[in-house]
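Here are the chains, one letter per residue:
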Amino acid sequence: MTDPRVPPQETPPVEGSIAEAHEERADGGMWEHPGVWVWLIVIGAVIVAGFFIARIFAL
């Protein structure tokens, strides 16, 4: 059995495909922006470090 040649820029016919187009998933909002969470963690770490530095110099 030979495959018929499909000219360029043409889509070959689909054989036996029963798949449906997938649904686009909803926007994840702030969960898709990890930079915000990284900055919150960095700011929190700086605040905690500042607390311990202040305690060391307060002695």
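Residues numbered from 1 in each chain as written. Predicted model: local features only at pLDDT ≥ 70, side-chain atom pairs only at ≥ 80, totals over all residues. Heavy atoms only, no water.

Novice: How should I be thinking about the overall build of the chain in this particular structure?
Specialist: Across its full length, the chain carries one helix and zero strands. Counting every position in the chain, which comprises 59 residues, the buried fraction comes to 0%. A total of about 6400 Å² of accessible surface is found on the chain, and carbon and sulfur atoms cover 66% of it. (Helix = DSSP H or I, 4+ residues; strand = E, 2+ residues; numbered from the N terminus. Buried < 20%, exposed > 50% of the residue type's maximum accessible area, 1.4 Å probe, protein only. Areas by Shrake-Rupley, 256 points an atom, 1.4 Å probe, with all protein chains shown as cover.)

Novice: Looking at this model, I keep getting lost on the packing of aromatic side chains. Mind explaining?
Specialist: Think of a pair of aromatic rings as described by two things: how far the centres are apart, and how the planes are tilted against each other in angle. Counted under the stated rule, the structure contains one aromatic pair. Ring centres of Phe51 and Phe52 lie 5.4 Å apart, and the angle between their planes is 75 degrees; on these two criteria the pair is classed as edge-to-face. Since its relative accessible area comes to 47%, Phe51 is described here as partly exposed. Of the residues examined, Phe52 reaches a relative accessible area of 47% and is grouped as partly exposed. (Phe/Tyr/Trp six-rings, centres within 6.5 Å; stacked < 30°, edge-to-face > 60°.)

Novice: Just to check I follow, could you spell out a nonpolar patch on the surface for this structure?
Specialist: Nonpolar side chains collect at one region of the surface, where Val38, Trp39, Val42, Ile43, Val46 and Ile47 lie side by side and expose about 610 Å² of accessible area between them. Inspection of the secondary structure assignment puts Ile43 in helix H1 (residues 34-58). (Patch = residues over 30% accessible without salt bridge, like charges linked within 9 Å, V, L, I, M, F, W, Y side chains within 5 Å. Salt bridge = Lys/Arg side-chain N within 4 Å of Asp/Glu carboxyl O.)

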